[in-house]
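Spelled out, the chains give:
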Amino acid sequence: MGKRVSAESQKEAVLQILEDLSQIEGVEAEILTKNNGTQTRHIAYINCSPESWRELAECMKYDHHIDYCSMITGIHWPESAEKNWEVVYHFLRTGVIDPKISPNGSTITPNITDTRDLSGKDVPIEVQVNIAIPETRTPSVASVQDIWIGADWNEKETWDLVGIDFDGHRGMRRVLNPHETPPGYHPLQKQHKLRYHGFEEMYDDAQGFLRKAPDAGRVK
Amino acid sequence: MAEMWISMGPQHPMTHGLWTLKVKVDGETVVDTEPDLGFIHRGVEKICESRDFTQITTYCDRLCYASANTWSHAYIYAVEDLLEVEVPERAEYIRLIAVELQRIASHLMWLGAYGPDIGNLSIMVWCLREREMMMDLLQELGGSRMHYNFPRIGGVKRDLPYGFAQRARAKLELFKQRIQEYESLFDESTVFLVRTQGVGYTKAEEMINHGVTGPNVRAAGVDYDVRWAHPYSVYSELDWAPAVERSSIKGADCYDRYRVRVTEMVESANMVLEALDRMPGGAETHYEPKDPAIIAKAPSRAPEGTFGSHHFEDSRGESMFHIVGGGEGRGKNPYRVSIRSPMFITIPYASKCMIGYKVADIPAIMGSFDPCIGETDR
């Protein structure tokens, strides 16, 4: 039997963190249980209003040691008014601390975690934070670049591809699109369709005689 | 002396792909750096929105040519989370074998590419020779040499072929012997030691805050690994421990990052050997494709409002997919697929940690983080 963090200890840790976080105004927290897979997963699933995001982030990092920002996803929902845009954050609590220096002073003693001893704020957990932004043409949420430096390039990417801006983000620029992309062009917004979208090349036009981009001449 | 910006890339042997590292130098010293990515951005996330769940696997294979299998598995685990599919245990064992073989192949590709970076050309052919064995094994599973398209939603494409277990055992035992030869080529080479030891120090806590995981953080003396922290597949059934390096007090240098990957390859080889022994039904049995023992039935549509995600230990760090259901074709396509690439986050960090070193150290530091631009640019 190899080492693993048990589902029970993760559930306990998630419930503990949810209790604290749901005290913050504008935050709804619940536990999300996924039963497929070889082990049940318990995820702290948090819905947060854009105004209280900064407060929640600081609480998560400094009070609950959630030290690792995994991913930021921006989603465009053009048909919905109250959730026109959505930002999904994925965090992990890794519990990584710098290893101690060994007595001879020249090397370190590696941190080998014994998963049976983990308790409280050391248990690795998953956190998902959803922030819904109401209908607007200039969506933005507060940046957490200074709390988790790992969020820096994730935020750049989210702005670049989806067009959700991050207030207080320093050094925002295009990262995946070319630098000379026109302002306001963010390809993952839903009004941008793939060329030949909905066009069954293989069946409708095998030779490609009719092939022409529907937005030819309009989009750079 | 006057400072100036020079551009390393997009065509430069250091870059291991197509990207630019802008370096501000003062004489020979690096003062500041700025990575510039996106040269091979293919818009995979946008393409995925018009493909159904099965078709996307092929795109995920092509995210990284050195580590195709881990990427398609990372995607499949997220889809199974979205569609709530339970996978047969035998399929999980086969997946574990496929992923760990791919991890060895990926690390060997890295090691082979890292040798020429720092002036040791003979290591390239040695590593590719060993990688060939892994690729032969993977080819038996997936049918092709590089982009296997092996996992399916709910299981795997086909069972282990006849005689696979025997061949895999022989090749992995041979590999474990041969990897000892590397120590005479690397650890006893003065050129290699001089160029890797004492450059590119990184600390564990700092790396985690910057979003760097995987072998790079384990080189700094912590054993954090998604495979035990957020258990998936059947890793917890096997007797294994993540490779951890005893680094210096200043943190992990390039040499530690090399050592940890070599240890990890041996660990992965042992894992595959153990999985072959413990597989339910036995490794010599062969089930026909679509047999319920290796693939479970899975729905093809995900209704609106569903989402799924899965943390996955890629060979370069933690990769993950976030998939939102309810796209076109009444949920046949995903509404949004978002990809977390470990290298997209690691490259900015790696560029910052070379500040203060000499220009000649840049290839040694950058290469030791194992950059792969296919997954970075997506």
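From a predicted model like this one, the values you see are computed outputs, not experimental measurements.

Draft legend 1. Just the overall build of chain B, in detail. When helices and strands are counted, chain B shows 15 helices and 8 strands. On C-alpha atoms alone, chain B measures out to a radius of gyration of 21 Å, which is about the 21 Å that the 2.2 N^0.38 rule sets for 378 residues. When the backbone C-alpha atoms are referred to their principal axes, chain B occupies close to 70 × 45 × 35 Å. Burial status across chain B gives 65% buried among its 378 residues.

Draft legend 2. Broad picture of empty space enclosed by the protein. Tallied over the full model, the rule gives 3 cavities of 30 Å³ or more. As a volume, the largest cavity reaches approximately 120 Å³. Considering the residues around the largest cavity, the lining is formed by 15 residues, among which A:Asn36, A:Gly37, A:Thr38, B:Tyr77 and B:His310 are closest to the centre. Residue contributions to the lining of the largest cavity peak at 3 residues, all from helix H3 (residues 68–83) of chain B. Taken together, the residues that form the lining of the largest cavity break down as 5 nonpolar, 6 polar and 4 charged. A volume near 60 Å³ is recorded for the second largest cavity. Taken together, A:Gln10, A:Gln39, A:Thr40, A:Arg41, A:His42, A:Glu126, B:His230 and B:Pro231 make up the lining of the second largest cavity. Of the residues contributing to the lining of the second largest cavity, the split by class is 1 nonpolar, 5 polar and 2 charged.

Draft legend 3. Geometry of helix H2 (residues 53–64) of chain A. The terminal C-alpha atoms of H2(A) lie 15 Å apart, and with 12 residues this matches the ideal 16 Å at 1.5 Å per residue to within 8%. Listing the buried residues of H2(A) in full gives A:Trp53, A:Leu56, A:Ala57, A:Cys59, A:Met60, A:Lys61 and A:His64.

Draft legend 4. Highlighting the interface of chain B and chain A. Each partner contributes residues to the interface: chain B has 70 residues there, and chain A has 72 residues. Roughly 6000 Å² is buried in total at the junction of chain B and chain A, and carbon and sulfur atoms are behind 56% of that figure. When the area that chain B buries against chain A is broken down by residue, the three leading residues are B:Lys46, B:Trp228 and B:Tyr335, summing to 11%. There are 6 salt bridges connecting chain B and chain A. In this structure, the salt-bridge partner of B:Glu49 is A:Lys190, at a minimum N-O distance of 3.0 Å. Scanning the region where chain B abuts chain A turns up 32 residue pairs in polar contact (both at pLDDT 80 or more). Counted by class, the side of chain B that touches chain A contains 28 nonpolar, 20 polar and 22 charged residues.

Draft legend 5. Quick peek at the packing of helix H2 (residues 53–61) of chain B against H3(B). Residue and element names in this part refer to chain B. Direction vectors running N to C along H2 and H3 enclose 150°, while the axes themselves pass 8 Å from each other. In terms of axis orientation, H2 runs roughly antiparallel to H3. Crossing of H2 against H3: the hand is right-handed. Facing H2, whose interface residues are Phe53, Ile56, Thr57, Cys60 and Asp61, H3 presents Ala68, Asn69, Trp71, Ser72, Tyr75, Ile76, Val79 and Leu82. Here the residues of the contact of H2 with H3 sort into 9 nonpolar, 3 polar and 1 charged.

Draft legend 6. Main features of the packing of helix H4 (residues 89–117) of chain B against helix H5 (residues 122–142) of chain B. All names here are of chain B. Put simply, H4 and H5 touch, their axes get as near as 8 Å, and they point 160° apart. As summarised for this structure, H4 and H5 are arranged roughly antiparallel, according to the angle between their axes. In the crossing of H4 with H5, the sense of the turn from one axis to the other is left-handed. Facing H4, whose interface residues are Ala98, Leu101, Gln102, Ile104, Ala105, Leu108, Met109, Leu111, Gly112, Ala113, Gly115 and Pro116, H5 presents Ile123, Met124, Cys127, Leu128, Glu130, Arg131, Met134, Leu137, Leu138 and Leu141. Partitioned by chemical class, the residues of the contact of H4 with H5 number 17 nonpolar, 3 polar and 2 charged.

Draft legend 7. Fine view of the sheet that holds strand E8 (residues 336–340) of chain B. All names here are of chain B. Taken in spatial order, the 3 strands make up an open sheet running E6-E7-E8, and their pairing is antiparallel. Each edge of the open sheet carries a strand with a single partner, namely strand E6 (307–314) and E8. Geometrically, the sheet is characterised by an average inter-axis angle of 10° between neighbouring strands, direction not taken into account. By the bridge criterion, 8 bridges tie E6 to strand E7 (residues 317–324) in an arrangement that is antiparallel. Considered in E7, the bridge of His310 is made with Phe321. Strand contacts of helix H13 (residues 342–352): E6, E7 and E8, with the helix running at about 130° to E7, the strand carrying the most contacts.

The rules behind each value
Positions within a chain are numbered from 1, following the residues in the order the chain's sequence is written. Note on labels: chains are lettered from A, ligands numbered from 1, in written order. The predicted origin of the model limits local features to residues at a pLDDT of at least 70 and limits the giving and counting of side-chain atom pairs to 80 or more, whereas totals for whole chains, interfaces and linings rest on all residues. The basis for every side-chain value is the complete set of non-hydrogen atoms in the structure, without hydrogens or water. Helix and strand definitions follow DSSP, with helices as H or I runs of at least four residues and strands as E runs of at least two, each counted in order from the N terminus. This radius of gyration counts C-alpha atoms alone. The globule rule is 2.2 Å times how many residues there are, raised to the power 0.38. Each residue's exposure class comes from its accessible area (1.4 Å probe, protein chains only) as a fraction of the maximum for that residue type: buried when under 20%, exposed when over 50%, partly exposed otherwise. Any residue with an atom within 4 Å of a point lines the site, the site being either a cavity, points on a 1 Å grid over the protein atoms alone where a 1.4 Å probe fits but cannot get out, or a pocket, an open set with protein on both sides within 12 Å along at least 5 of 7 lines. Grid points are joined across faces, edges and corners, and a volume is the space filled by probe spheres set on the points. Throughout, the ten residues Ala, Val, Leu, Ile, Met, Phe, Trp, Tyr, Cys and Pro are labelled nonpolar, Asp, Glu, Lys and Arg are labelled charged, and all others, Gly among them, are labelled polar. A helix's residues, less one, multiplied by 1.5 Å, set its expected span. We call two residues in contact when some of their heavy atoms are within 4.5 Å. Once two parts are put together, the accessible area they lose, assessed with a 1.4 Å probe and summed over both, is termed the buried area. By convention in these notes, a salt bridge is any Lys or Arg side-chain nitrogen within 4 Å of a carboxyl oxygen on Asp or Glu. N or O atoms closer than or at 3.5 Å make up a polar contact, with two conditions inside protein: a donor-capable atom paired with an acceptor-capable one, and, for residues adjacent in sequence, both atoms drawn from side chains. Comment: axis = line fitted to C-alpha atoms, over the contacting stretch for helices; angle = value between 0 and 180 degrees taken between N-to-C directions. Oblique is the label for any angle not under 35 degrees, not over 145, and not in the 65 to 115 range, which are roughly parallel, roughly antiparallel and roughly perpendicular in turn. Crossings are assigned a handedness: left-handed for a near helix turned anticlockwise from the far helix by less than a right angle, right-handed for a clockwise turn. Pairing between strands requires that DSSP locate at least two bridges from one strand to the other.

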